[in-house]
Every structure is written in C-alpha cells, then in structure tokens.
Amino acid sequence: MEFLYEYGLFLLKAITFVIAIAAIIGLIVSAGSRQKSSPAGTIEVIKINDRFDEMSKSLRHAIYDEDLIKKEEKIQEKEKKREKKQSKNKKLDEIEQPKRIYLINFDGDMKASAVAQLREAVSAILFTATPKDEVVIRLESAGGMVHSYGLAASQLDRIRQRDIPLTVCVDKVAASGGYMMACVANKICAAPFAVIGSIGVLAQLPNFHKLLKKHDIDFELLTAGEYKRTLTLFGENTDKAREKFVEDLELTHQLFKDYVVQQRPVVDIETVATGEIWFGTKAKEKNLIDELTTSDDYITGLASDHDIFEVNYTSKKSLPERLGMSVQLGVEKSVTRLIEQLQISRFFH
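For clarity, every value in this text was computed on a predicted model and none was experimentally measured.

In terms of regular secondary structure, the protein is built from 13 helices and eleven strands. Residues counted as buried form 32% of the 349 residues belonging to the protein. Across the protein, the fraction of contacts at a sequence separation of at least 24, relative to all contacts at a separation of at least 6, is 76%. Roughly 22600 Å² of accessible area belongs to the protein as shown, and the carbon and sulfur atoms make up 57% of that amount.

This part is about the packing of helix 4 (residues 115–126) against helix 5 (residues 146–161). Packing of helix 4 against helix 5 brings their axes to within 10 Å, and their N-to-C directions diverge by 10 degrees. By the angle class used here, helix 4 and helix 5 are roughly parallel. Facing V115, L118, R119, V122, S123 and L126 of helix 4, the residues of helix 5 in contact are L151, A152, Q155, L156, R158 and I159. Looking at the contact of helix 4 with helix 5 residue by residue, the classes come out as eight nonpolar, two polar and two charged.

On to a nonpolar patch on the surface, then. Taken together, the side chains of F17, V18, I21, I24, I25 and I28 define a hydrophobic patch exposed on the protein surface, amounting to about 560 Å² of accessible area. Assignment of secondary structure puts I28 in helix 1 (residues 2–37).

Within the element layout of this structure, S148 appears in helix 5. On the basis of relative accessibility, which here comes to 11%, the residue S148 falls in the buried class. Leaving out residues up to four positions away in the same chain, S148 has contacts with K111 and A112.

Here the focus is unusual backbone geometry. Of note, the phi angle at A112 is positive, near 50 degrees, even though the residue is not glycine. Topologically, A112 is positioned in the loop between strand 2 (99–107) and helix 4. Judged by its relative accessible area of 1%, A112 is buried. Non-glycine residue D216 carries a positive phi angle of around 55 degrees. Tracing the sequence through the fold places D216 in the loop between helix 7 (209–214) and helix 8 (239–263).

With 25 residues, helix 8 should reach 36 Å at 1.5 Å per residue; the first-to-last C-alpha distance of 36 Å fits that figure. Within the span of helix 8, buried status applies to A241, K244, F245, D248, L249, T252, H253, F256, K257, Y259, V260 and Q263.

Glancing now at the nonpolar core. Counting residues in hydrophobic clusters, the biggest one holds 51 residues, and the most contacted among them are F106, Y179 and I196. The element contributing the most residues to this core is helix 4, with six residues. The contacts of I196, once residues within four sequence positions are left out, are V170, A174, Y179, A190, E276, I277, W278, A283, L288 and I289. Ranked by size, the runner-up nonpolar core spans ten residues in total, among them I48, I101, I299 and L302.

Another aspect to go through is the pattern of salt bridges. Within the structure shown, the criterion is met by ten salt bridges. K240 is the partner of E226 in a salt bridge, and the nearest nitrogen-oxygen pair spans 2.5 Å. Here E226, found in the loop between helix 7 and helix 8, pairs with K240, found in helix 8; they are 14 residues apart in sequence, far enough to count as distant. For E226, a relative accessible area of 54% corresponds to the exposed category.

So, about the environment of A112. In this structure the C-alpha to C-alpha distance between A112 and G178, which are 66 residues apart in sequence, comes to 9.2 Å. Beyond its immediate chain neighbours, meaning those up to four positions away, A112 contacts F106, S148 and Y149.

Our next topic: the pairing of strand 2. Each regular strand carries side chains that alternate between the two faces of the sheet. Pairing between strand 2 and strand 10 (residues 306–315): five bridges, direction parallel. Paired with R100 across the two strands is D307, which belongs to strand 10. Alignment of strand 2 against strand 3 (residues 134–141), held across seven bridges, turns out to be parallel. Residue pairing for strand 3: F106 is matched across the bridge by L139. In this region the chain leaves strand 2, passes through helix 4 and returns to the parallel neighbour strand 3; the handedness of that crossover is right-handed.

Right, let's talk about helix 11 (residues 295–302) for a bit. Residues of helix 11 that are buried include every one of S295, Y298, I299 and L302, and no others. Buried residues in helix 11, looked at end-on, bunch into an arc of 90 degrees, giving them a common side. Of the residues in helix 11, the exposed ones pointing more than 90 degrees away from the buried face are D297 and G301. The secondary structure elements touched by the buried residues of helix 11 are helix 2 (48–63), strand 2, strand 3, strand 4 (166–175), strand 5 (187–190) and strand 10.

How each quantity is defined
Residues numbered from 1 in each chain as written. Predicted model: local features only at pLDDT ≥ 70, side-chain atom pairs only at ≥ 80, totals over all residues. Heavy atoms only, no water. Helix = DSSP H or I, 4+ residues; strand = E, 2+ residues; numbered from the N terminus. Buried < 20%, exposed > 50% of the residue type's maximum accessible area, 1.4 Å probe, protein only. Contact = heavy atoms within 4.5 Å. Areas by Shrake-Rupley, 256 points an atom, 1.4 Å probe, with all protein chains shown as cover. Axes fitted to C-alpha atoms, helices over the stretch in contact; angles between N-to-C directions. Parallel < 35°, antiparallel > 145°, perpendicular 65-115°, else oblique. Nonpolar A, V, L, I, M, F, W, Y, C, P; charged D, E, K, R; others polar. Patch = residues over 30% accessible without salt bridge, like charges linked within 9 Å, V, L, I, M, F, W, Y side chains within 5 Å. Salt bridge = Lys/Arg side-chain N within 4 Å of Asp/Glu carboxyl O. Expected span 1.5 Å × (residues − 1). Core = buried A, V, L, I, M, F, W, Y, C linked by side-chain atoms within 4.5 Å. Pairing = 2+ DSSP bridges. Right-handed = clockwise from strand over helix to strand, strands pointing away. Arc of directions from axis to C-beta.

Structure below.
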C-alpha cells in the first residue's frame, strides 16, 4: 500500500508538470497567432495641452485660495458651455479649429534605429495634417551611419514636400547625421549650449595584419571587382586602397555639403563644412540655426492658441520576443559599444 501511495503521488506530480508545460506552450502558440493577426504596432497620441493644464491646475491649487479658484473654474465652465452651445448647430467645416502642432521625438543612435518609428509617425501625421498645421521634431543625435541618417532626413523631407511647416528643436546635440536631419526644417531652434554642426565624414578601423604576420597566420580575402574591398581589418592595406578609400570619403562629404546647401541656402557651406562643431550661440551667427531657445520654451509658447499632439509609434512584441528582449538588448548594447570603439564602417561624426 505504501508503494502504491508513493507511486500515485509521483504520477500526480508528473501529470501536473506535463499540464503546466502544455499550458505554457499553448500560451506561446496563442500569443504568436494573435501577433500574426494583429497590427505590427500602434500609433499613440497624447494631447500635450491636457498635461500642461494638469500641471498648472496642481500648482494653482497649491498657491491660491480655494474659493477664488472655484469661482474662476465656474466662470470657465460657463464659457465652455456657451461655446459648445454655439457650435452645436454648426457643421464640422464651419467650426473654427485651433491650429494643430504635431510633436515627434527622435533620439538618434549610431544606426539611427529610431527611423523605423519616425517613418510610421510621419505617415500617420500626413493623413491628417494640412499646411495650416506644424510638425515639430525634438531631435537629439550626434550622427552615425550615412545611409541610416540619409533615410531619416528623407522622412522629414516628406513633410516639407507637403508644404507643412517643419520645425526642429535641438536641446543637446544635432551633429553630423543629426544636422543632416535638422537642416531639412523650415526653422531650426537650439539651446544656447547645444552642439551643432560637424558637417564632415569620418571612417577609421584597426588593422591586425602585422600581428597576424608575426604569428605566421595567413589571411586571405577574395573579391571580384577591383574595389569590392579597399581597406581591411586583417589584410595588408596598400596605398592604392587608401587613396580609393579617401576618394570615397571625399565624395560622401561633397554629397553631404550639397544636401545642406540645397536644404539651407543661407549657410556659407565652405566655412561650416570643416567637420567643426559650434555651440548654439555661435551656430546662430553662422546661420546653422534660426533661433536660440529650448524645445520646452518653443512648445509651451504655442500651447495657448494651438492644440499640441505628441505622436509616438510603438512596435508590438510577441511573447517570445518579450521574453528574450532583455537578453537581446544586452547583446545589442555590447555589440554597439564594440563597433563604436572600432568604428569599422563609414560614419558621420
């Protein structure tokens, strides 16, 4: 009987374990199925005016007399009801709408990874925005890969092509690829100590050929096409390869300069395209920016007579992706750090 009891207990534990595993697998499969049928991501819209109103209300209640505040709120409520009653019988196109400001945040890394969210946010805005509205980009980037920031700048150019006013606000840095994005705007605002410029191109890489040769290690690089590869990490670099590499850098730099001139003709490109950076005050003297102000001052200054909407695109993650996200982020950060140190590709810097 004791044997049967222990065996039954073991069997129950085994069955419980199998059911638990089956349930987890079922959840993963179900989540995966829902992920396939659902959109890849969602657009989130936050009305910034409401946030400002809540902040102001909290502060007023802390400072002023409550009875005075209540009287003022009653007056405001009556005014809102009166306006609502007047617009009730009007058609939608007859009601005077406040001008709309669409706010997008872009925090750029070396790969301009945020361009995926930027393109979705821009697409969403272009469905509703008109030339009467304005798009404000709060931009922070020290630059990175040429092709990535070229695409990011092209996304902003989509707004300009629709004749919708575009403003870029820089609080900390818009250098190199970051400035390539900023120069697309009708107006560039920057904080007094924001870093602006760096209109240049940089590429650097280590070479381990001598080290390998010292240890009698051969390295073979096979290519089809004379300039399929110029400088390498492990092969012996030639003067001809270096000349071609520098030629490519000069070509990229010229394209960069031409783009800035096209977007911002007021800039004396030969003066500013030296790879140097300037703080906001000096950048304004060189026409790299238009106005010295922080993004906070610029946005709050519009809040009284504009409806301000912050637009964000959020990608949806499947359950397996969410479970492995922390590991993936850790690996990506380590790899990015290594690449930033070696800088083995061609980057804006």
